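One letter stands for each residue in the lines below.
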Amino acid sequence: MTEPNQAMRTPAAPKSLCPRTLLRRMVQRLLDASRLEGLSPETAFELAEAARVVNLADPRFHGGTEGMAPAEVAADIAAALGVSCYTIGTAQIRAYVESVQSVMQRRAAVLRTVARTADVRGV
């Protein structure tokens, strides 16, 4: 039971489902890939630039996540990535960002399903 002065808040998503954790992992993977030996300078640049664009979709750069459900955070990240895709001139960088956007949209759908299931069960 919560105390009268204690604020109600949504339970945190497990780390495996947390959209911001997933976003950070994806940024790190893009950066790691950009540093692989044997890549052409152009491909390395494209991967690093995609990592930069994906990193800028982090909600902490545009309003934060205070009071937002994890599904809303994932949808917000996906929307920010979608907007970024309109401004990217290079097709390959846009493809990297769109793939991350797709993953984030699927994550939002999974989190919405988890939330609905929890509501139905009364958790």
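Preceding this paragraph is the structure being described.
Residues numbered from 1 in each chain as written. Predicted model: local features only at pLDDT ≥ 70, side-chain atom pairs only at ≥ 80, totals over all residues. Heavy atoms only, no water.

Along the protein chain, the regular secondary structure elements total four helices and zero strands. Each helix and strand of the protein chain, ordered N terminal to C terminal, gives the series α-α-α-α. Within the span of the protein chain, comprising 123 residues, buried residues form 33% of the whole. Taking as baseline every contact in the protein chain between residues at least 6 positions apart, the subset at least 24 positions apart corresponds to 65%. Only carbon and sulfur atoms are counted for the fraction: they give 55% of the accessible area of the protein chain, which is about 8,000 Å². (Helix = DSSP H or I, 4+ residues; strand = E, 2+ residues; numbered from the N terminus. Buried < 20%, exposed > 50% of the residue type's maximum accessible area, 1.4 Å probe, protein only. Contact = heavy atoms within 4.5 Å. Areas by Shrake-Rupley, 256 points an atom, 1.4 Å probe, with all protein chains shown as cover.)

Here we come to helix α4 (residues 91-121). Between its terminal C-alpha atoms α4 stretches 45 Å, which fits the 45 Å expected from 31 residues at 1.5 Å a residue. For α4, the set of buried residues is Ile-93, Tyr-96, Val-97, Val-100, Gln-101, Met-104, Arg-107, Ala-108 and Leu-111. Phi turns positive one or two residues past the end of α4, at Gly-122, with a value near 80°. (Expected span 1.5 Å × (residues − 1).)

Function-wise, these values are silent; they only describe arrangement.
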